[in-house]
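Each chain, letter by letter, is given below.
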Amino acid sequence: MFKIITDVQGSFELNNGVKMPYFGLGVFQSENATKSVIKALDVGYRLIDTASIYNNENEVGNAIRKHDVSRKDIFVVSKVWNSDQGYDSTIKAYNDSLKRLKMDYLDLYLIHWPVQNKFVDTWKALEYLYNEGRVKAIGVSNFMRNHLDELLPTCSIIPMVNQMEFHPRLVQQDLVDFCTENGIKYEAWSPLMKGKILEIELLKILSEKYSKTIVQIVLRWNLQKGIITIPKSSNPGRIKSNANIFDFELSTEDMKSIDALDRNSRTGPDPNNFNF
Ligand code: NDP
């Protein structure tokens, strides 16, 4: 797997043949999304993850337009928010996101959360947008096995991605395996546990062993597990150092020891029990 992890612009292939960079920048709660995206593009990032609820699609769009890298070389992701779910409202939400981004397509559009009694219709709308050639790939986020079991039999297009909370304390290997078996690429949100990974003792030991930061160790572990990752930072130095993970390789044994840190413990909401 890690033989294909080459550099910050490397990619994994989605089930429709589209290549998605495996490393990117998240901009949830970004202190200055325009500046952060420009810095990330400077450093070589080519995947940017936003959402309508982050309220910064405008800033993300501005940063991309300002930058020399051409739009077609950047993989832009956004998500339909819960209150916009349903068939017609999802199509409207997609158009509104494009207006805010000032773009004519997205590379990937995701259902942000599995809103009960809505997400099947929302998915139909994403299939429509995809079939119309308005978006390069479609997927879901926060879909546990039960949500996928409900969605998949209704799909004419299998989701290309499932973006999930994923870090050393929340591995959900069964779900990762299920997605892989079904051609759904797994993507990590909060890969750094919002900074809390810095407190984990074993990671300090590995950091010394490999002469890499704890964050670099964890992001490399994501990629070696075949998982796309989108750490958030608004700090230019950290945006740069987070991407410096292509000059070392974790041993199989150390990969397993990070896997073993799993406590099935979340930093964010539970997809089977959220009220927003
Ligand atoms: P992360 O796990 O990426 O952690 C971000 C935090 O870590 C910030 O406080 C950041 O601070 C800090 N940090 C970043 N780099 C370093 C470093 N090298 N050393 C120390 N601290 C560091 O959390 P997020 O929740 O933001 O997740 C990442 C992205 O995933 C989001 O931005 C969003 O795009 C997506 N997401 C998706 C969700 C979904 O439901 N689909 C839910 C939540 C997130 P600083 O900025 O100061 O560097």
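The written sequence of each chain sets the order in which its residues are numbered from 1. Given that the model is predicted, a residue must reach a pLDDT of at least 70 before its local features are reported, and side-chain atom pairs must reach 80 or more before they are shown or counted; all residues, however, enter totals for whole chains, interfaces and linings. As a rule here, side-chain values cover all heavy atoms of the structure and leave hydrogens and water aside.

Chemist: Quick rundown of the pattern of salt bridges? Include the residues and the values.
Modeler: Salt bridges are identified by distance alone: a Lys or Arg side-chain nitrogen within 4 Å of an Asp or Glu carboxyl oxygen. According to the stated counting rule, one finds 14 salt bridges in the structure shown. As a salt-bridge pair, aspartate 149 and arginine 145 come within 2.9 Å of each other at their nearest N and O atoms. Of this pair, aspartate 149 and arginine 145 both sit in helix α5 (residues 145-151), separated by 4 residues, roughly a single helical turn. Here the term buried applies to any residue with accessible area under 20% of the maximum for its type, exposed to any over 50%, and partly exposed to those in between, with areas from a 1.4 Å probe on protein chains only. A relative accessible area of 42% places arginine 145 in the partly exposed class. Among the ionic pairs, lysine 225 bridges to aspartate 259, the shortest N-O distance being 3.1 Å. Placement of the pair is lysine 225 in the loop between α8 (214-224) and β10 (228-229) and aspartate 259 in helix α10 (residues 252-259), with a sequence separation of 34 residues. What you see here is one network of salt bridges that share partners, running through Lys92, Asp96 and Lys99. Numbered from the N terminus, helices here are DSSP runs of H or I no shorter than four residues, and strands are runs of E no shorter than two.

Chemist: I'd like a rundown of the environment of arginine 145, residues and numbers included.
Modeler: Along the sequence, arginine 145 and aspartate 121 sit 24 residues apart, while their C-alpha atoms lie 18 Å from each other. Residues count as neighbours in contact if any of their non-hydrogen atoms are within 4.5 Å of one another. Apart from residues lying up to four places away in sequence, arginine 145 is in contact with Leu175 and Phe178.

Chemist: Requested: an account of the site of the ligand, with residues and values cited.
Modeler: Residues in close proximity to the ligand total 28 residues, the closest being Asp49, Ser190, Lys194, Ser233 and Arg238. Side-chain atoms alone can form a polar contact between residues adjacent in sequence; in general such a contact is a pair of N or O atoms within 3.5 Å, and within protein one must be able to donate a hydrogen while the other accepts it. Take valine 27: an N or O atom from its main chain is 3.3 Å from an oxygen atom of the ligand. Methionine 193 is positioned with one of its backbone polar atoms (N or O) 3.3 Å from an oxygen atom of the ligand. Per-residue and other accessible areas follow the Shrake-Rupley method at a 1.4 Å probe size, with only the shown protein chains counted as cover for residues. A total of 910 Å² of accessible area belongs to the ligand in isolation, and the protein chains cover 87% of it. Of the residues in the shell around the ligand, the class split is 12 nonpolar, 11 polar and 5 charged. Near is defined per residue: the residue qualifies when any heavy atom it owns lies within 4 Å of the molecule or strand. Residues are grouped as follows: Ala, Val, Leu, Ile, Met, Phe, Trp, Tyr, Cys and Pro are nonpolar; Asp, Glu, Lys and Arg are charged; every other residue, Gly included, is polar.

Chemist: Explain the environment of isoleucine 239 residue by residue, including any values.
Modeler: You can see isoleucine 239 is positioned in helix α9 (residues 236-242). Judged by relative accessible area, which is 1%, isoleucine 239 ranks as buried. For the pair isoleucine 239 and glycine 24, spaced 215 residues apart in sequence, the C-alpha to C-alpha distance is 9.9 Å. Sequence-distant contacts of isoleucine 239, defined by excluding residues within four places in its chain, comprise Leu25, Ser36, Lys39, Ala40, Tyr45, Ser233 and Ser234.

Chemist: Run through the packing of aromatic side chains, naming residues and quoting values.
Modeler: Only centres within 6.5 Å qualify two rings of Phe, Tyr or Trp (six-membered ring in Trp) as a pair; their planes then separate them into stacked at under 30 degrees, edge-to-face at over 60, and tilted for everything else. For the structure on display, the rule yields 16 aromatic pairs. Relative to tyrosine 54, the ring of phenylalanine 28 has its centre 4.9 Å away and its plane inclined at 35°; by these criteria the two rings are tilted. Note that phenylalanine 28 is positioned in the loop between β3 (25-26) and α1 (33-43) and tyrosine 54 in the loop between β4 (47-49) and α2 (57-66), a separation of 26 residues in sequence. Using a relative accessible area of 15% as the deciding quantity, one classes tyrosine 54 as buried. Of the aromatic side chains, those joined through ring pairs into one cluster are Phe12, Tyr22, Phe23, Tyr45 and Phe246. Residue placement shows lysine 136 over the ring face of tyrosine 105; its charged tip is 4.8 Å from the ring centre. Only when the NZ atom of a Lys or the CZ atom of an Arg is both within 6 Å of the ring centre and within 35 degrees of the ring normal do we say a charge sits over the ring.

Chemist: Talk me through the pairing of strand β9 (residues 185-189); I want residue IDs and the actual numbers.
Modeler: When a strand is regular, its side chains alternate between the sheet's two faces. Most of β9 is tucked away, with 5 of its 5 residues classed as buried. Pairing between strands requires that DSSP locate at least two bridges from one strand to the other. With 5 bridges connecting them, strand β8 (residues 161-165) and β9 associate as parallel partners. By the bridge assignment for β9, glutamine 163 is matched with glutamate 187. As for the winding sense of the linkage, the β-α-β connection from β8 through helix α6 (residues 173-181) to β9 is right-handed. By the bridge criterion, 2 bridges tie β9 to β10 in an arrangement that is parallel. Think of it like this: strands point away, you trace from the first strand over the helix to the second, and a clockwise trace means the crossover is right-handed.

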